Amino acid sequence: MTRRDGGTDGAAAELQELVDEVAAATGAPTTLEDRDLHLVASSGHDDVIDEVRRTSILRRRSSAQVQELFAGFGIARAQRPLRIPGGAVPGLLGRWCVPVRWRGVTHGYLWLLDPDERVSAARLDALTDVVVQVAATLALRARARDRSSWAVGELLSGDAGSRARAVEELRRDGLLPADPGAPLVVVALAPRDASPLGPVNSWLLPRGVLSAPVGHRAALVVPAGAPEAAGVAARAARTLTAQHPGGVAAGVSGPVAPGDGHAGWRQADAALRVARGGAGGVSVRTWEGLGAHRLLALAEPAALTAVVVDARARALLDGDPDLLLTARTYLDLAGSAQRTARALSVHRQTLYARLRRVREVTGVDLDDGRERLALHLALVLAEEGGSREG
């Protein structure tokens, strides 16, 4: 059985064929990873597999421990195949690492599982032409990715001239639809903590989806005709959780015109800020579902909070936690006393007493729709103010 774990473009298909060719010529299960140790392609393995290979295939990336181990063998500097002995970490079988180099630059690694040492160095040398083809293909893909990454950054920038040039370049390279009315969706990705995001495995992105780093975040651009953006965001986030066990969040913009990429980025970033407030694992929020949190697209949370949170709301935020929870729940449930009492597991009379106390502390008339709206908005946005920068 042959696995095809890379992207769906021509380069991925060609690399899969070359990996299968190496496996057939050596009789060894073979894996190709790029220079970031992202899985690109793998052959069938029959019964010969260890935990390192299994993890690489399932998670599409080697673990941090394995990366450190292999780096210690000097794989990044190697000019010729390296033998990695078995047992260097528990469960590791012996294997060959064949550096994939093009014009002096390492673009990836071929890994041949060979616990019985049946593959000789001479047999690997006979595959030089195949390795060169792999290297050339990876190098071309890397150059195209670097070029598109720069253009995506410009596409999302605040400068209209830069965005126009980026749209022109991406259309010229066939990376955006030629139809000027075809919309795109922007995705922002980041860990839940403020740590820098590791590289996104571009080999797993569907055809037509572009990516670029933006500060401590990553941006994906999903053109019209590509798979549904929220699904793309969730899949990309899942591939990053191995590097960020605290969880990865994603925000998804609404459809925007290519020339309005900056607006899409602001929408995606607002959704990302809300998504980062959730529990661990993967969290995806969309612009369409943000409600009042859409205001986060207008300013940084701290600045927005400073404007929206007045003295009345501050008295509640800095006071009794039970009163704050009561007010938030009551306002979130549209002022329904019955549902609020049920949600808080308190008697109705206890709820009424707390609501009277909220009125006394804040001076807000909870029967006045405008005053209630102002307090609710302040409490909602205060959850974001000054938190989760990056």
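In this numbering scheme, every chain counts its residues from 1 along its sequence in written order. Residue-level local features of this predicted model are given only where pLDDT is at least 70; pairs of side-chain atoms are given and counted only at 80 or more, and the full residue set underlies all totals for whole chains, interfaces and linings. Side-chain numbers here rest on the full set of heavy atoms in the structure, without hydrogens or water.

What exactly am I supposed to notice about the packing of helix α11 (residues 321-332) against helix α14 (residues 369-382) here?
Axes are the key here: two packed helices are described by the angle between their axes and the distance separating the axes. Every angle, taken between N-to-C directions, lies between 0 and 180 degrees, and every axis is a line fitted to C-alpha atoms, over only the stretch in contact when it is a helix. Runs of E in the DSSP output that reach at least two residues are strands. Runs of H or I that reach at least four are helices, and both are numbered from the N terminus. Orientation of α11 relative to α14, taken along the N-to-C sense of each, is 115°, at an axis distance of 10 Å. The two elements α11 and α14 cross, and the hand of that crossing is left-handed. Contact residues: α11 offers Leu324, Ala327, Arg328, Tyr330, Leu331 and Asp332, while α14 offers Arg372, Leu375, His376 and Leu379. Tallied by class, the residues present in the contact of α11 with α14 amount to 6 nonpolar, 1 polar and 3 charged. For any helix crossing, the convention is left-handed if the near helix is rotated counterclockwise from the far helix by under a right angle, and right-handed if that rotation is clockwise. Here, two residues are considered to be in contact whenever any of their heavy atoms come within 4.5 Å of each other. All amino acids are sorted into three groups, where Ala, Val, Leu, Ile, Met, Phe, Trp, Tyr, Cys and Pro are nonpolar, Asp, Glu, Lys and Arg are charged, and the leftover types, Gly among them, are polar.

What's the story with the sheet that holds strand β8 (residues 217-223) in this structure? I'm lost.
Across a sheet, paired strands are connected by hydrogen bonds in the backbone, their directions being either parallel or antiparallel. Reading across from one edge, β7-β8-β6-β9-β10 is the order of the 5 strands in this open sheet, with mixed pairing throughout. Both edges of this open sheet fall to β7 (210-214) and β10 (282-286), since each of them pairs with a single strand only. Between one strand and the next, the sheet's axes are offset by a mean angle of 20°, whatever the strand orientation. Here strand β9 (residues 248-252) runs beside β10; their pairing, made up of 5 bridges, is parallel. Note that in β10 the partner of Val248 across the bridge is Val282. In the packing of helix α5 (residues 128-155) onto the sheet, contacts are made with β6 (184-191), β7 and β8, and the angle to β7 comes to roughly 70°. Each pair of strands is called paired provided DSSP finds at least two bridges between the two strands.

Is there a simple way to think about the packing of aromatic side chains in this case?
By convention here, two paired aromatic rings are described through the distance between centres and the angle between planes. Aromatic pairing here means that ring centres of Phe, Tyr or Trp (its six-membered ring) are within 6.5 Å. Orientation follows from the plane angle: under 30 degrees is stacked, over 60 is edge-to-face, and everything else is tilted. Using the criterion set out here, one finds 2 aromatic pairs in the structure. Their ring planes at 25° and their centres at 4.3 Å tell us that Phe70 and Trp111 sit as a pair that is stacked. Residue Phe70 is found in helix α3 (residues 64-72), and its partner Trp111 is found in strand β5 (residues 105-113); the two are separated by 41 residues along the sequence. The same class applies to Phe70 as to Trp111, namely buried. Burial classification: accessible surface area is computed with a 1.4 Å probe over protein chains only, and a residue below 20% of its type maximum counts as buried, one above 50% as exposed, and the rest as partly exposed.

Where do I start with the nonpolar core in this structure?
Generally speaking, nonpolar side chains in soluble globular proteins are found buried as a group. Residues grouped as a nonpolar core are buried Ala, Val, Leu, Ile, Met, Phe, Trp, Tyr and Cys residues, joined through side-chain atoms within 4.5 Å. Core analysis: the largest hydrophobic core is formed by 31 residues, its most contacted members being Leu316, Leu366, Leu375 and Leu379. Of all elements in the fold, only α8 (261-275), α9 (301-308), α10 (311-317), α11, α12 (337-344), α13 (348-362) and α14 reach the threshold of two or more residues within this core. Once residues lying within four places of it in the same chain are set aside, the contact partners of Leu375 are Ala313, Leu316, Leu331, Val364 and Leu366.

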